[in-house]
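Next come the chains, spelled out residue by residue.
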Amino acid sequence: MGADPRQPILRMQGVSKSYGAVQILRGIDLDVEAGQRIALIGPSGSGKTTLLRLVMTLETPEDGTIEVEGELLGLRRVGDRLVKDSGAHLRSVRGKIGMVFQHFNLFPHMSALQNIMDGPVHVRGLSKDQARERALDLLAKVGLRNKADSLPRQLSGGQQQRVAIARALAMEPKIMLFDEITSALDPELVGEVLAIVRELAHETGMTMLIVTHEMGFAREVANRVLFMEGGHIVEDGEPEQVFGNPRSDRTKAFLGAVLHR
Amino acid sequence: MNLTVFLPALLKGALVTLEATLLSAAVALVVSVVVGLVRLSRFRLLRGAALVYVEIFRGTSALVQLFYFFFVLPIFGIDLSPMAAGVIALGLNFGSYGSEVVRAAVLNVPRGQHEAAVALNYPPGLAMRRIIFPQALAAMLPPFGNLLIDLLKATSLLSLITIGDLTFAGKSLVQSQGHVTAIYTLVLVFYFVMALMLGRLMQAAERRVPGATAGGGR
């Protein structure tokens, strides 16, 4: 597994999801190649965030399968049936994915450093010294080396989100999910957070799925753009094409509305 | 009226009251955490058993429970010392209330904290231990403080199963010396001072738990 260079790092097949009577995703098929940085754009309610949440196993699809490097995520094959997965196998697959949330979700009872170290020590089994050293490096990388001992509530929103990015990176995921990571920030703090992601994109070549309303950022950082609407992927292409010359009328209408406000 | 007789006798009783309070509180605390978490278990049978326990111990009289442990269990061959019967009965009674405190506090930890734990690949037990429970603890302390003071006062029931607690000491003094007003006033003052001390203790605990005083964020 994972050895085949043509195998997608993430594959969604016929994935559907509804909340009650409202269908949010309608049979999504998506292959993501390693190194792709995908911006998911579209009106609210189009299913972008739900798609990320399914990949993070925060939601379970009603239908369809998700594979990471060829291995089923959240499901296990028993005979010819698929059953809900838990335990070591689920975690071995899920460990390849990391996520940064709109509302940061830092652990309020831990300092910035502890937020970053706790997973590596208790989930991945690193020694405390190793984990601390790595956490301090990551804090330096997000420009917060001097805030190691601060509690989340002592940090600005932008700083909290940078710690949250460092925390996700400390688990060394292969795929990073960014869910509207600047939507809860004051406008003057958006830049510092986007700068970190931009740097990450250019330095690491990490696979990313980015849900964002920042069209300029999407265009600049992504190397593939998906426009979603009504639970479908309506358009899928390179940033230049989707932004510059959208094929679908709905993409055109959406971009027209958000770009020319 | 002779204070040199009253005070040592009441002080001795107060120490028994304090001992019974702390032992019962220890039992109640363990029961609260275990039952409170089991109430949130994925397994229906466990959840059901915990609920039955809570309903029974919360829904019947503490005094009758006490009599049950002290007078009825010996009939089935289980002979407990008065203090053991008292501590178990009060511990189980207050544990039923405490388990609801634990359950509510754990449920009140924002969903985003659970989601962050999943995103960082924590197994459920580890997430509870490292992330959810420590945050819930802050919300548990004030209601636990109330229960502790309630428990202190409830130990007066132990005087009815031959334990020489503060209430028992007061009653004995009245029987042997008279002075009803003076003695029962002193007994009230003793309870009040002990309640005050326990209250201060809980406040100190609240200050030591991060997030207990300052909201704690999302």
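What counts as what
Residues numbered from 1 in each chain as written. Chains lettered and ligands numbered in written order. Predicted model: local features only at pLDDT ≥ 70, side-chain atom pairs only at ≥ 80, totals over all residues. Heavy atoms only, no water. Phe/Tyr/Trp six-rings, centres within 6.5 Å; stacked < 30°, edge-to-face > 60°. Helix = DSSP H or I, 4+ residues; strand = E, 2+ residues; numbered from the N terminus. Buried < 20%, exposed > 50% of the residue type's maximum accessible area, 1.4 Å probe, protein only. Lys NZ or Arg CZ within 6 Å of the ring centre and 35° of its normal. Axes fitted to C-alpha atoms, helices over the stretch in contact; angles between N-to-C directions. Parallel < 35°, antiparallel > 145°, perpendicular 65-115°, else oblique. Left-handed = near helix turned anticlockwise from the far one by under 90°. Contact = heavy atoms within 4.5 Å. Patch = residues over 30% accessible without salt bridge, like charges linked within 9 Å, V, L, I, M, F, W, Y side chains within 5 Å. Areas by Shrake-Rupley, 256 points an atom, 1.4 Å probe, with all protein chains shown as cover. Salt bridge = Lys/Arg side-chain N within 4 Å of Asp/Glu carboxyl O. Buried area = accessible area lost by both parts, 1.4 Å probe. Polar contact = N/O pair within 3.5 Å; in protein donor to acceptor, adjacent residues only side chain to side chain. Nonpolar A, V, L, I, M, F, W, Y, C, P; charged D, E, K, R; others polar. pLDDT = per-residue confidence, 0-100. Pairing = 2+ DSSP bridges.

Some thoughts on the packing of aromatic side chains
No. 1: Scanning the entire structure with this criterion turns up 6 aromatic pairs over all chains.
No. 2: A ring pair is formed by Phe94 of chain B and Tyr97 of chain B, whose centres lie 6.4 Å apart and whose planes are at 50°; its orientation type is tilted. In this pair, Phe94 of chain B and Tyr97 of chain B both sit in helix α4 (residues 82-107), 3 residues apart, roughly one turn of the helix.
No. 3: The buried category is assigned to Phe94 of chain B, whose relative accessible area is 8%.
No. 4: We classify Tyr97 of chain B as partly exposed; its relative accessible area is 34%.
No. 5: Within the aromatic cluster, the residues linked to one another by ring pairs are Phe67, Phe70 and Phe71 of chain B.
No. 6: A cation over a ring is seen here: Arg167 of chain A above Phe107 of chain A, with NZ or CZ 4.4 Å from the ring centre.

Digging into the packing of helix α3 (residues 62-72) of chain B against α4 of chain B
Residues and elements named next belong to chain B.
No. 1: Interaxial distance between α3 and α4 falls to 9 Å at its minimum, and their mutual angle equals 140°. By the angle between their axes, α3 is oblique relative to α4. The two elements α3 and α4 cross, and the hand of that crossing is right-handed. Residue-level inspection shows Ala62, Gln65, Leu66, Phe69 and Phe70 of α3 in contact with α4, the latter providing Pro82, Ala85, Gly86, Ile88, Ala89, Leu92 and Asn93.

Here's the deal with the side chain of Glu115 of chain B
No. 1: Looking at the element boundaries, Glu115 of chain B is found in helix α5 (residues 111-119).
No. 2: Not counting residues within four places of it along the chain, the set of residues in contact with Glu115 of chain B comprises Arg53, Leu58 and Phe101 of chain A.

Re the environment of Ala84 of chain B
No. 1: Here Ala84 of chain B shows up in helix α4.
No. 2: Between the C-alpha atoms of Ala84 of chain B and Ala169 of chain B, which are 85 residues apart in sequence, the distance is 19 Å.

A closer look at a nonpolar patch on the surface
No. 1: On the surface, Val189, Phe192, Val193, Leu196 and Met197 of chain B cluster together into a nonpolar patch covering about 470 Å² of accessible area.
No. 2: Residue position: Val193 of chain B is located in helix α8 (residues 180-208).

Side note on the interface of chain A and chain B
Buried accessible area, meaning the area lost when the parts come together, often serves as the stated size of an interface.
No. 1: With 26 residues of chain A in contact, the opposing surface of chain B contributes 23 residues.
No. 2: Taking both partners together, chain A and chain B bury about 2,200 Å²; carbon and sulfur atoms supply 59% of that area.
No. 3: Inspection of the chain A/chain B interface yields 2 salt bridges.
No. 4: Run the count over chain A and chain B and you get 9 residue pairs in polar contact (both at pLDDT 80 or more).
No. 5: Where the side of chain A that touches chain B is concerned, the elements lending two or more residues are α2 (87-94), β8 (97-100), α3 (112-122) and α5 (157-170) of chain A.
No. 6: Across the side of chain A that touches chain B, the residue classes tally to 12 nonpolar, 8 polar and 6 charged.

Regarding the confidence of the model for chain B
No. 1: Here chain B shows a mean pLDDT of 93. Residues at 70 or above account for 95%.
No. 2: Note on residues 212-218 of chain B: pLDDT is under 50 here. Beyond four places in sequence and across chains, it has 10 contacts.

Details of the sheet that holds strand β5 (residues 71-72) of chain A
Residues and elements named next belong to chain A.
No. 1: On the basis of which strands lie adjacent, the open sheet formed by 4 strands has the order β2-β1-β4-β5 and antiparallel pairing. With partners counted over all chains shown, the strands left at the sheet margins are β2 (22-32) and β5, one partner each.
No. 2: By the bridge criterion, 5 bridges tie strand β1 (residues 10-19) to strand β4 (residues 63-68) in an arrangement that is antiparallel. In the strand pairing of β4, Gln13 is matched with Thr65.
No. 3: Across the sheet, helix α1 (residues 48-55) is in contact with β1, β2 and β4; its angle to β1 comes to roughly 115°.

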